[in-house]
There are 2 protein chains.
Amino acid sequence: METIETKSWTSDMVVVDLERAIHEHRLPPGTKLGEDELSEAYGISRTIVRAALLALSHRHLVELKRNRGAYVAQPSIREAREVFEARALLEPRTAHSAALRMTDKNLALLQANIRDEHAALDAGESGRALFLSGQFHVEIARIADQSTIEIFISQLISRSSLIIALYWRRRAALCETQAHHALLDAFARKDGGAAEQLMKSHLLDLVTSLDLRNVSEPPTSLRDALNR
Amino acid sequence: METIETKSWTSDMVVVDLERAIHEHRLPPGTKLGEDELSEAYGISRTIVRAALLALSHRHLVELKRNRGAYVAQPSIREAREVFEARALLEPRTAHSAALRMTDKNLALLQANIRDEHAALDAGESGRALFLSGQFHVEIARIADQSTIEIFISQLISRSSLIIALYWRRRAALCETQAHHALLDAFARKDGGAAEQLMKSHLLDLVTSLDLRNVSEPPTSLRDALNR
DNA sequence: CAACACAATTTTGTATACAATATTGTTGAT
DNA sequence: ATCAACAATATTGTATACAAAATTGTGTTG
């Protein structure tokens, strides 16, 4: 990390910055986020860092261990299943609403997103591609004009990124954009039912591309998994 | 508020305490939560109070205005609609799952909840009754064994309490327990479909008992609604 | 007396100092 | 050499001091 002195970072800005770094797998699950380290990196006091870490813990992206520090969260298999069950409840119907409200401008936004994701993949920036892939889902909630649900979905998407980091099986990344293309078509036709159905199976596809068998919980973080 | 010196309050404890006070309408929407005031009331430093207020703001129960302080949130009509739309997506299917997993022990828990709510109503403790009524919904999510969804629902329930404080129309409080009784029956029969349907109409009932007409946004908080 | 400017006060925002706790390192006895 | 006890170090938890901002109060001027 590098110190950027040009502007002073607010707590919210740090949250966004860290959330994106986590989402793009630049900060893998289990990474320790020391307060001094961060405060020096951003050129701010620990007070602000602390507020940011607290916010991230409320979004389940960071785990705070009392007197032990903050770590990038490592969702359990259990939690992974729950996250996708929640997405299954929220996203299909939200996609339905979005389809009915779709405008040319919003359609163009989604198209641009897919284009950028392709570009990122071609440039080898897989982290950025993953982030954009998630943004596609958030954008749909925004188009559905449901900010409360949008916030929930945004949280679930970020957590999904951690889940992917831990449990991804397939290497085929294009299945993603394929599904997004199909959704785009349904949106273009303002076909709510189709969008809902496509989103449902897209999410199902995602889960099945994960390795969520109960065996072999990855003890990524050293002693933590052994001692207690 | 009174200072309690017997034990030192942690941030989490303060969050729970304030959340419950808000949920029970002891702290109505718009109430200013001054940091000094709270730190003195709980006998802790502003640092802890600040962390608690930050947590509550992330749950949308408290609104933080920069350099102006913390206030118990006043959900807009727009936000109120969104909250119940989110509940409509989450709760019916969750009730379905809960019904299928229902055990005698859990059934007894729900029964006790309804009983306590009745008792609270008879004792004139309408705030406590409202809290218990919300807990009924949270308990269902817990029984469904979906902690992620449970957290979402718990948030939405708390916010619903604020919405009720602002927009409640009917005075009939027993419609509530009536619906809960019906749900209990479905749970006892492990009838998922019925539970899902009952929850759906229960939520619809709740919304229609609110006054969410766009006219007359209540300018409860003085100058705030006028100046900016 | 109304309106404005400016001072005083209050309240929040941030940094830092210190305390508490956990971790690591060292010494010494067996 | 192994282990335990204890010291040293590092990191987080909390309180407080100070800075910044907003609010309130006061007085001057027209």
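Residues numbered from 1 in each chain as written. Chains lettered and ligands numbered in written order. Predicted model: local features only at pLDDT ≥ 70, side-chain atom pairs only at ≥ 80, totals over all residues. Heavy atoms only, no water.

1. A look at the nonpolar core
Part 1: With 81 residues, the main nonpolar core has Phe-187 of chain A together with Phe-187 of chain B as its most contacted residues.
Part 2: What Phe-187 of chain B contacts, discounting residues up to four positions off in sequence, is Ala-95, Ala-98, Ala-99, Met-102, Leu-107, Leu-110, Ile-140 and Ala-195 of chain B. (Core = buried A, V, L, I, M, F, W, Y, C linked by side-chain atoms within 4.5 Å. Buried < 20%, exposed > 50% of the residue type's maximum accessible area, 1.4 Å probe, protein only. Contact = heavy atoms within 4.5 Å.)

2. Notes on the side chain of Thr-177 of chain B
Part 1: Structurally, the position occupied by Thr-177 of chain B is in helix H8 (residues 174-188).
Part 2: With sequence-adjacent residues up to four places away left out, Thr-177 of chain B is seen in contact with Glu-117 and His-118 of chain B. (Helix = DSSP H or I, 4+ residues; strand = E, 2+ residues; numbered from the N terminus.)

3. What to know about the protein's contact with DNA strand D
Part 1: Every one of the 14 residues lining DNA strand D counts as a neighbour, but Arg-46 and Arg-50 of chain A together with Ser-45, Thr-47 and Arg-68 of chain B are closest to it.
Part 2: Each atom of DNA strand D within 4 Å of the protein belongs either to a base or to sugar and phosphate, the latter forming 70%.
Part 3: Contact between DNA strand D and Arg-46 of chain A: a base nitrogen at 3.0 Å from a side-chain N or O atom of the residue.
Part 4: Among the secondary structure elements, those contributing two or more residues to the surface near DNA strand D are helix H3 (46-58) of chain A together with helix H3 (46-58) of chain B.
Part 5: The residue makeup of the surface near DNA strand D, split by class, is one nonpolar, six polar and seven charged. (Near = heavy atom within 4 Å. Polar contact = N/O pair within 3.5 Å; in protein donor to acceptor, adjacent residues only side chain to side chain. Nonpolar A, V, L, I, M, F, W, Y, C, P; charged D, E, K, R; others polar.)

4. Quick word on the protein's contact with DNA strand C
Part 1: In the region of DNA strand C, 16 residues are neighbours, and Ser-45, Thr-47 and Arg-68 of chain A together with Arg-46 and Arg-50 of chain B sit closest.
Part 2: Within 4 Å of the protein, the contacting atoms of DNA strand C are drawn from sugar and phosphate to the extent of 71%.
Part 3: Between DNA strand C and Asn-67 of chain A, the relevant distance is 3.4 Å, taken from a sugar or linking oxygen to a side-chain nitrogen or oxygen of the residue.
Part 4: Measuring from a base nitrogen of DNA strand C, one finds a side-chain N or O atom of Arg-46 of chain B at 2.9 Å.
Part 5: For the surface near DNA strand C, the class distribution of residues is one nonpolar, six polar and nine charged.

5. Things to note about the relation of the copies chain B and chain A
Part 1: Between the two copies, chain B and chain A, the superposition gives an RMSD of 0.0 Å; the rotation angle is 180 degrees and the shift along the axis is 0.0 Å. Such a turn and shift between the copies fits a two-fold axis. Proximity to the rotation axis, assessed at the C-alpha, singles out Leu-89 of chain B in chain B; its C-alpha lies 3.1 Å from the axis.
Part 2: An overlap of 100% is found between the interface residues of chain B and their copies at the interface of chain A, pointing to a shared contact surface. (Least-squares fit on C-alpha atoms with pLDDT ≥ 70 in both.)

6. Overview of the packing of aromatic side chains
Residue and element names in this part refer to chain A.
Part 1: For the structure shown, the criterion picks out three aromatic pairs over all chains.
Part 2: When the ring of Trp-9 is compared with that of Tyr-42, the centres are 4.7 Å apart and the planes differ by 65 degrees; the resulting orientation is edge-to-face. Of this pair, Trp-9 sits in the segment before helix H1 (11-23) while Tyr-42 sits in helix H2 (residues 35-42), and the two are 33 residues apart along the sequence.
Part 3: Accessibility expressed as a relative area gives 13% for Trp-9, which makes it buried.
Part 4: Looking at Tyr-42, the relative accessible area reads 5%, which means it is buried.
Part 5: If you follow Lys-65 out to its NZ or CZ, it ends over the ring of Tyr-71, 4.9 Å from the centre. (Phe/Tyr/Trp six-rings, centres within 6.5 Å; stacked < 30°, edge-to-face > 60°. Lys NZ or Arg CZ within 6 Å of the ring centre and 35° of its normal.)

7. Considering the pairing of strand E3 (residues 69-72) of chain B
Residue and element names in this part refer to chain B.
Part 1: Both strand E1 (residues 32-33) and E3 contribute to a ladder of two bridges, which runs antiparallel. Directly across from Leu-33, in E3, lies its bridge partner Ala-70.
Part 2: One ladder, built from four bridges, connects strand E2 (residues 62-65) with E3; its direction is antiparallel. If you follow Val-62 over to E3, its bridge partner there is Val-72.
Part 3: Between E2 and E3, which pair antiparallel one after the other, the connecting turn spans three residues, and Asn-67 there sits at a positive phi close to 65 degrees. (Pairing = 2+ DSSP bridges.)

8. Some words on the interface of chain B and chain A
Part 1: Taken together, the contacts link 23 residues of chain B with 23 residues of chain A.
Part 2: Roughly 2,200 Å² is buried in total at the junction of chain B and chain A, and carbon and sulfur atoms are behind 59% of that figure.
Part 3: Contact with chain A buries surface across chain B, with Glu-82, Leu-89 and Phe-152 of chain B losing the most and accounting together for 29% of the total.
Part 4: Remark: the boundary between chain B and chain A carries nine residue pairs in polar contact (both at pLDDT 80 or more).
Part 5: Elements that contribute at least two residues to the side of chain B that touches chain A include exactly H3, helix H4 (77-101) and helix H7 (147-167) of chain B.
Part 6: Residues of the side of chain B that touches chain A, tallied by class, amount to ten nonpolar, seven polar and six charged. (Buried area = accessible area lost by both parts, 1.4 Å probe.)

9. With respect to the sheet that holds E2 of chain B
Part 1: Read across the open sheet, the three strands follow the order E1-E3-E2 (chain B); overall the sheet is antiparallel. On the outer flanks of this sheet lie E1 and E2 of chain B, each paired with one strand and no other.

10. Here we look at the environment of Lys-32 of chain B
Residues and elements named next belong to chain B.
Part 1: Within the secondary structure layout, Lys-32 lies in strand E1.
Part 2: Take Lys-32: its relative accessible area is 43%, and that puts it in the partly exposed class.
Part 3: Taking C-alpha positions, Lys-32 is 9.5 Å from Val-62, a pair spaced 30 residues apart along the chain.
Part 4: A distance of 3.1 Å separates a polar side-chain atom of Lys-32 from the backbone oxygen of Arg-68.

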